[in-house]
Each structure stands twice: as structure tokens, then as C-alpha cells.
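# Coordinates in review
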Amino acid sequence: LAPYVTHLRLSSVLVTSVRSTSSGAPADTTATSSPAPDAASAASVAGADAAPPASAGVDLYVTFATDAADAEVVIFAAEFGTIWLSNEPVGSDETGTRIVTPPDVYGTTTSGGTS
């Protein structure tokens, strides 16, 4: 694949814990509710709205409930790429997803440059 690609790889993954470190002090916002197999439980993770704003010195540690194959995908992305998280509504439609490359976003470049 090209060096700049994106793709929706995992969907409706349960988030079981979100921890942040700011100024060196870890803050645990682990969910207190019992895990459920639907996306609604991910939206109601305790403390999910308490995440610190994006700024220097803040790390977020997110724990996902996945099988081994999906865990490998997450680990690879964390080491060699970027992970974007979103809050999906229950029953969200993932049909029609595709690998997106720069020409998909910016259009095809002609030999004389961009139009």
C-alpha cells in the first residue's frame, strides 16, 4: 500500500478503560459498568468526557476489548501509524468504507501540478 492511506479497520469496539497522564500523575477513568457487547456501552464509559484537552505532556491510554487478531492491528497502528477514535452510535452503518489515499482526498494530480 502507499505510504499515506487510511481505512476504517475496527468498528464497534468496546472501550474498557481510559487513563490519562498529565504532569506525570496518572488519572484512572476506568469504566465502572459491566462490559456489554454493544457500541452503546462504549459511549457510556465512565470518565470518557473527562479526558484532558490535547496539549503537550498529556498521554491517553485506551484499553479495548478485542480478540487477538484485532489487538495485533491496534498494536501495529500504535507503533507505525496513527489511531483515530470515534464515538459510534448504536447501529452505525460501516458499509461502503474503503482505503483512502491522497488522490481520493485531493483529486488526481496532472503532470503540470495541481489544478
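Residues numbered from 1 in each chain as written. Predicted model: local features only at pLDDT ≥ 70, side-chain atom pairs only at ≥ 80, totals over all residues. Heavy atoms only, no water.

Let's shift gears to the overall build of the chain. Broken down by element type, the chain carries three helices and three strands. Split into buried and exposed, the 115 residues of the chain put 13% on the buried side. Considering only residue pairs separated by 6 or more positions, the chain has 66% of its internal contacts joining residues 24 or more positions apart. Counting every atom, the chain has about 8,500 Å² of accessible surface; 57% of that belongs to carbon and sulfur. (Helix = DSSP H or I, 4+ residues; strand = E, 2+ residues; numbered from the N terminus. Buried < 20%, exposed > 50% of the residue type's maximum accessible area, 1.4 Å probe, protein only. Contact = heavy atoms within 4.5 Å. Areas by Shrake-Rupley, 256 points an atom, 1.4 Å probe, with all protein chains shown as cover.)

Now for the packing of aromatic side chains. The description of an aromatic ring pair uses the distance of the two centres, along with the angle that the planes make with each other. All told, the structure shown has one aromatic pair when counted by the stated rule. Seen from their ring centres, F76 and F80 are 4.8 Å apart, and the 45° between their planes marks the pair as tilted. You can see F76 and its partner F80 sitting in helix α2 (residues 68–80), four residues apart, about one turn around the helix. In this pair, the class of F76 matches that of F80, namely exposed. (Phe/Tyr/Trp six-rings, centres within 6.5 Å; stacked < 30°, edge-to-face > 60°.)

Moving on to the environment of S17. Residue position: S17 is located in strand β1 (residues 14–22). Measuring from C-alpha to C-alpha, the distance between S17 and T63 comes to 5.0 Å, with 46 residues separating the pair along the chain.

The next subject is the side chain of E88. Relative to the helices and strands, E88 resides in the loop between α2 and α3 (102–106). Within the buried core, E88 has no salt-bridge partner, and the shortest N-O distance to an opposite charge, that of R9, equals 12 Å. Polar side-chain contacts of E88 include one of 3.2 Å to the side chain of S92. (Lys, Arg positive; Asp, Glu negative; His and termini not counted. Salt bridge = Lys/Arg side-chain N within 4 Å of Asp/Glu carboxyl O. Polar contact = N/O pair within 3.5 Å; in protein donor to acceptor, adjacent residues only side chain to side chain.)

Moving on: the confidence of the model for the chain. Put simply, the chain has an average pLDDT of 73, and 60% of its residues get 70 or more. Within the chain, helix α1 (residues 39–43) has the poorest average pLDDT of any element, 40, and α2 the best, 93. Here residues 31–48 is modelled with pLDDT under 50, and outside its nearest four sequence neighbours on either side it reaches 20 contacts, counting other chains as well. Scored below 50 in pLDDT, residues 110–115 shows one contact in the model against residues more than four places distant or in partner chains. (pLDDT = per-residue confidence, 0-100.)

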